[in-house]
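Chain by chain, the residues:
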Amino acid sequence: MPRKTDRHAAVLNKLQNVVEHSDSNIAAGRRLAIERWVKTYIEQVEYLEDNELQFLYNIFRDESCWSGIKLNNATLGQRLTEESINGIENPFSRYNMACRYCVVDKIHPLFQEQFESYKGRVSPGAVDIDGNPVDDKYIRNDLLDSMGSYDPAFSFWIDRESGALKEYSNVDGFREVADLKWSEGVLGPQRGIAQINVGDRALTMVLHALLAREERIVVLDIRHVLAHQFPVQGLELVRKQEKG
């Protein structure tokens, strides 16, 4: 619809205008990174009011949220899960962002908030289709089903039986994320974030290696390497990929 397209362009322009850098190549690369980010989260950002967009202005102006021309997913995830920044309330679902950006220490507490809110809407004495009393496990699974139908990443982290945070090895975590075509991050060493973009398969090389008898996932982001070593050519490659 034209109105949506116009709004999308207006929001994108406002967010890109906050980028300032003395190196024109880096500035151009960051504007392109914001364009990709907005494309991924267009449903969440398209109709934010100007005062809500201030939250994102604060993030994209923050140098710690950048690594060259790329968004620093580890820092970005932390910022997108804060309650507020510089007095501006976070307009996003903090739990959803914690899941997508692998902010492991925040996922379970934020899920519990969602669970308690969801549970509070269940009528006292409610029963399931078999006439059994509705318990916490039933409510939790119903909530996870609802979350997963919207985005599998939102039910990825929570164990359905216990309600605890799931544990993933590096390899298993990567395989799960790749199956979901997840674009923000995967588990790295000590459950940290390996900054890759699984969605950009054409420009991402994944090596599954056996090192010192341990399985390792090695990810080479070709775009990042080229942009770092050859800034102009790297940016040109990004533009061609986006157009393609």
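Basis of the calculations
- Residues numbered from 1 in each chain as written.
- Predicted model: local features only at pLDDT ≥ 70, side-chain atom pairs only at ≥ 80, totals over all residues.
- Heavy atoms only, no water.
- Helix = DSSP H or I, 4+ residues; strand = E, 2+ residues; numbered from the N terminus.
- Expected span 1.5 Å × (residues − 1).
- Buried < 20%, exposed > 50% of the residue type's maximum accessible area, 1.4 Å probe, protein only.
- Contact = heavy atoms within 4.5 Å.
- Axes fitted to C-alpha atoms, helices over the stretch in contact; angles between N-to-C directions.
- Parallel < 35°, antiparallel > 145°, perpendicular 65-115°, else oblique.
- Nonpolar A, V, L, I, M, F, W, Y, C, P; charged D, E, K, R; others polar.
- Core = buried A, V, L, I, M, F, W, Y, C linked by side-chain atoms within 4.5 Å.
- Domains from an automatic or database assignment.
- pLDDT = per-residue confidence, 0-100.
- Left-handed = near helix turned anticlockwise from the far one by under 90°.
- Disulfide = S-S within 2.5 Å.

Would you mind going over helix H8 (residues 136-150) in detail, with residue names and values included?
Between the first and last C-alpha of H8 there are 21 Å, a value that for 15 residues agrees with the 21 Å anticipated at 1.5 Å per step. Considered for burial, the residues of H8 that qualify are Ile 139, Arg 140, Asn 141, Leu 143, Leu 144 and Met 147. Buried-residue contacts for H8 involve helix H6 (94-100) and helix H7 (104-119).

Explain unusual backbone geometry to me, and be specific about the residues and the numbers.
For Asn 86, which is not a glycine, the phi torsion comes out positive at approximately 50 degrees. For Asn 86, the position within the fold is in the loop between strand E3 (84-85) and strand E4 (88-89). Positive phi, normally seen in glycine, also occurs at Cys 102, with a value near 55 degrees. Residue placement: Cys 102 occurs in the loop between H6 and H7. Classification of Cys 102 by relative accessible area gives buried; the value is 4%.

I'd love a proper account of the packing of H7 against H8, names of residues and values included.
The interhelical angle for the contact between H7 and H8, taken along N-to-C directions, is 110 degrees, at an axis separation of 10 Å. By the criterion of interaxial angle, the relationship of H7 to H8 is roughly perpendicular. Mapping the contact onto sequence places Phe 111, Gln 114, Phe 115, Tyr 118 and Lys 119 in H7 and Asp 136, Ile 139, Arg 140, Asp 142, Leu 143, Leu 144 and Met 147 in H8. Across the contact of H7 with H8, the residue classes tally to seven nonpolar, one polar and four charged.

Could you give an account of the nonpolar core, with specific residues and numbers?
In this structure, Trp 37, Val 45, Leu 56, Phe 60 and Leu 80 are the most contacted members of the largest nonpolar core, which totals 50 residues. Within the residue set of this core, elements represented by two or more residues are helix H1 (2-16), helix H2 (24-40), helix H3 (42-45), helix H4 (50-61), helix H5 (73-80), H6, H7 and H8. When residues of this core are assigned to domains, at least three fall in each of domain 1 (4-92) and domain 2 (96-154). Contact partners of Leu 56, with chain neighbours within four places excluded, come to Leu 15, Trp 37, Val 45, Leu 48, Leu 80 and Phe 92.

Tell me about the confidence of the model for the chain, and name the residues and values.
Taken residue by residue, the chain gives an average pLDDT of 77. The fraction at 70 or more is 67%. Low confidence marks residues 185-212, where pLDDT is under 50. Its contacts with residues over four positions away, or in another chain, come to 82 contacts. Within the model, pLDDT remains below 50 along residues 215-244, and this stretch shows 57 contacts once partners closer than five positions in the same chain are excluded.

Which residues make up the packing of H4 against H5, and what values do they have?
Angle between the axes and distance between the axes: these two values describe a pair of packed helices. Close contact between H4 and H5 brings their axes to 11 Å; oriented N to C, the two are set at 150 degrees. Taken together, the axes of H4 and H5 are roughly antiparallel relative to one another. The two elements H4 and H5 cross, and the hand of that crossing is right-handed. Of the residues in H5, those in contact with Phe 55, Leu 56 and Ile 59 of H4 are Leu 76, Arg 79 and Leu 80. Split by residue class, the contact of H4 with H5 holds five nonpolar, no polar and one charged.

Run through the state of the cysteines, naming residues and quoting values.
Scanning all chains against the criterion turns up zero disulfides. There is no disulfide at Cys 99, and the cysteine sulfur nearest it, in Cys 102, is 8.9 Å away.

Would you mind going over H4 in detail, with residue names and values included?
Given a rise of 1.5 Å per residue, 12 residues ought to cover 16 Å, and the 16 Å separating the end C-alpha atoms of H4 matches this to within 8%. Among the residues of H4, Leu 53, Phe 55, Leu 56, Tyr 57, Asn 58, Ile 59 and Phe 60 are the ones counted as buried.

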